[in-house]
Amino acid sequence: MITVIGETVADTFVPAHQPTPGALDLRVRPGGGPANTAVALGRLEAPVTFAGRIPAGPLGDLLRAYLSDSDVDLSRAVTAAEQATLALAAVDGDGHARYSFYANGTADFQWTAGELAAATPPEAACVHAGSLALALEPSGPLIEKLLHERRTTSTISIDPNIRPGIVPADRYRRLLPGWTSVADVFRLSSDDLAVLRPGASLPQACDDWHADGVRLVVITCGADGAYASLDGQRFQVPARPVTPVDTVGAGDAFTAGLLYRLHTGGALGERLTDLSPDLLTRALTFASDVAAETCRKQGADPPRLADLAA
């Protein structure tokens with residue numbers, strides 16, 4: 001089983017053409033980096049459970065349906081009294097989204113230690129976390145502590161999913177050593193890298209994080225493909241050409257594709273001791289395909305395994 005810890009977010013899109021003068025017509029879709037990763041894993045038919053705090057009410061119903069309809073186990077998720085986290089997204093002509101977040105006091109980040117422990121199955125082969133839930137309080141320190149505890153039995157995967165508009169860059173940089181000291185898999189984008197390690201080259205950043213204990217670093221570079229380093233051995237795979245509707249959720253889908261292939265290849269569990277260069281290359285290529293298919297639809301709408309086979 002793969003456990004994903006983190007937030008669900010109501011992604012509110014601003015259409016490029018507003019049909020009603022003097023009003024702002026919006027379209028709400030379910031999202032949130034960790035939720036997107038869990039959904040993509042479920043649609044790929046991986047055994048996945050989501051450890052999240054999901055609110056009641058219409059937005060909570062939308063978010064729960066997004067997960068459960070994609071075969072994500074919600075049996076341990078908390079039904080929260082607080083409101084849902086909102087993201088207002090404006091998409092430019094290249095499909096890239098600019099976000100404004102409304103997250104103060106919202107459900108996703110109000111974990112207690114008891115809730116979090118109960119929501120996270122101890123038998124998970126992999127625990128994946130990241131995004132705002134790992135960077136904000138009170139959730140962040142509690143999740144990081146749990147990751148250290150579960151590292152004795154589970155592969156730990158982290159995707160920082162940097163949001164400098166809501167979390168200051170210097171806070172991310174202070175938190176980074178705690179994350180790279182516990183992660184076995186550290187997946188980030190080239191934009192994330194520019195915030196976390198401004199001026200650092202891809203090889204330099206990978207080597208520094210290997211020294212911290214990360215075995216596998218994967219950096220996605222949009223149309224330029226993905227760069228990976230496994231204990232210092234470098235890999236590069238191209239991106240599959242696609243005309244994107246938008247890129248929302250593409251990085252989350254990439255992470256899911258990567259973890260899925262590592263799972264089916266028997267590499268998850270503890271320290272990736274069974275991860276071969278051949279399996280990693282196939283996993284990176286598959287992850288790129290999953291990300292490309294996600295870009296074909298508006299919002300975070302990753303493909304199902306049958307779609308990829310077709």
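Not measured: the values here are computed from a predicted model.

Some points on the overall build of the protein chain
Reasoning step 1: When you go through the protein chain residue by residue, the secondary structure sums to eleven helices and 14 strands.
Reasoning step 2: The globule rule puts the C-alpha radius of gyration for 310 residues at 19 Å, and the 18 Å found for the protein chain is close to it.
Reasoning step 3: In the protein chain, buried positions account for 53% of the 310 residues.
Reasoning step 4: Here the protein chain has roughly 12,300 Å² of accessible surface; of this, 52% comes from carbon and sulfur atoms.
Reasoning step 5: Of the side chains in the protein chain, 25 bear a positive and 36 a negative charge, and the two mean positions are spaced by 1 Å.

Looking at helix H9 (residues 250-264)
Reasoning step 1: The terminal C-alpha atoms of H9 lie 21 Å apart, and with 15 residues this matches the ideal 21 Å at 1.5 Å per residue to within 8%.
Reasoning step 2: Across the 15 residues that make up H9, a large majority, eleven, are buried.
Reasoning step 3: When H9 is considered as a whole, its buried residues turn out to be Ala 250, Asp 252, Ala 253, Phe 254, Thr 255, Ala 256, Gly 257, Leu 258, Leu 259, Tyr 260 and Leu 262.

Things to note about unusual backbone geometry
Reasoning step 1: With omega at 5°, the peptide bond leading from Glu 137 into Pro 138 counts as cis.
Reasoning step 2: By secondary structure assignment, the location of Pro 138 is in the loop between helix H4 (132-135) and helix H5 (139-150).
Reasoning step 3: Unusually for a residue other than glycine, Asp 71 sits at a positive phi of about 65°.
Reasoning step 4: Take Asp 71: it is sitting in the loop between helix H2 (57-68) and strand E6 (78-80).
Reasoning step 5: Of note in this structure, Asp 231 is not a glycine but carries a positive phi near 50°.
Reasoning step 6: Mapped onto the secondary structure, Asp 231 falls in the loop between strand E13 (226-230) and strand E14 (233-237).
Reasoning step 7: In this structure Asp 231 comes out as partly exposed when scored by relative accessible area, which is 46%.

Examining the state of the cysteines
Reasoning step 1: The tally for this structure, following the rule as stated, stands at zero disulfides.
Reasoning step 2: Summary of cysteine pairing: Cys 221 is not part of a disulfide, and the nearest cysteine sulfur, belonging to Cys 206, is at 9.6 Å.
Reasoning step 3: Not engaged in a disulfide, the cysteine Cys 295 finds its nearest cysteine sulfur in Cys 221; these two sulfurs lie 14 Å apart.

Examining a nonpolar patch on the surface
Reasoning step 1: Together, Val 28, Leu 59, Leu 86 and Tyr 102 make up an exposed nonpolar region whose accessible area comes to about 320 Å².
Reasoning step 2: Mapped onto the fold, Val 28 is located in strand E3 (residues 27-31).
Reasoning step 3: Given a relative accessible area of 38%, Val 28 falls into the partly exposed group.

Regarding empty space enclosed by the protein
Reasoning step 1: Going through the model one piece at a time under the given rule, you end up with one cavity of 30 Å³ or more.
Reasoning step 2: Considering only enclosed or pocket space, the largest cavity measures out at about 40 Å³ in volume.
Reasoning step 3: Taken together, Gly 33, Pro 34, Thr 37, His 128, Ala 129, Gly 130, Ser 131, Asp 159, Asn 161 and Asp 252 form the lining of the largest cavity.
Reasoning step 4: For the lining of the largest cavity, the secondary structure elements donating two or more residues are helix H1 (33-43) and strand E9 (126-130).

Considering the packing of aromatic side chains
Reasoning step 1: The full count for this structure, using the stated rule, is three aromatic pairs.
Reasoning step 2: Relative to Trp 209, the ring of Phe 186 lies with its centre 5.1 Å away and its plane at 80°, an arrangement referred to as edge-to-face. Highlighted residues: Phe 186 in strand E11 (residues 185-189) and Trp 209 in helix H8 (residues 202-212), separated in sequence by 23 residues. A single burial state applies to Phe 186 and to Trp 209, both of which are buried.
Reasoning step 3: Residues Tyr 260 and Phe 286 carry aromatic rings whose centres are separated by 5.4 Å and whose planes lie at 35° to one another, so their mutual orientation is tilted. Of this pair, Tyr 260 sits in helix H9 while Phe 286 sits in helix H10 (residues 277-294); the two residues are 26 residues apart in sequence, bridging distant segments of the chain. When sorted by exposure, Tyr 260 lands in the same class as Phe 286, which is buried.
Reasoning step 4: We note Arg 261 situated over the ring of Phe 286; from NZ or CZ to the ring centre the distance is 4.2 Å.

Here is what the cut-offs are and how they apply
- Residues numbered from 1 in each chain as written.
- Predicted model: local features only at pLDDT ≥ 70, side-chain atom pairs only at ≥ 80, totals over all residues.
- Heavy atoms only, no water.
- Helix = DSSP H or I, 4+ residues; strand = E, 2+ residues; numbered from the N terminus.
- Rg over C-alpha atoms; globule rule 2.2 N^0.38 Å.
- Buried < 20%, exposed > 50% of the residue type's maximum accessible area, 1.4 Å probe, protein only.
- Areas by Shrake-Rupley, 256 points an atom, 1.4 Å probe, with all protein chains shown as cover.
- Lys, Arg positive; Asp, Glu negative; His and termini not counted.
- Charge placed at Lys NZ, Arg CZ, Asp CG, Glu CD.
- Expected span 1.5 Å × (residues − 1).
- Disulfide = S-S within 2.5 Å.
- Patch = residues over 30% accessible without salt bridge, like charges linked within 9 Å, V, L, I, M, F, W, Y side chains within 5 Å.
- Salt bridge = Lys/Arg side-chain N within 4 Å of Asp/Glu carboxyl O.
- 1 Å grid on protein atoms, 1.4 Å probe; cavity = no way out; pocket = protein on both sides within 12 Å on 5 of 7 lines; lining within 4 Å.
- Points joined across faces, edges and corners; volume = space filled by probe spheres on them.
- Phe/Tyr/Trp six-rings, centres within 6.5 Å; stacked < 30°, edge-to-face > 60°.
- Lys NZ or Arg CZ within 6 Å of the ring centre and 35° of its normal.

Structural measurements only, silent on function.
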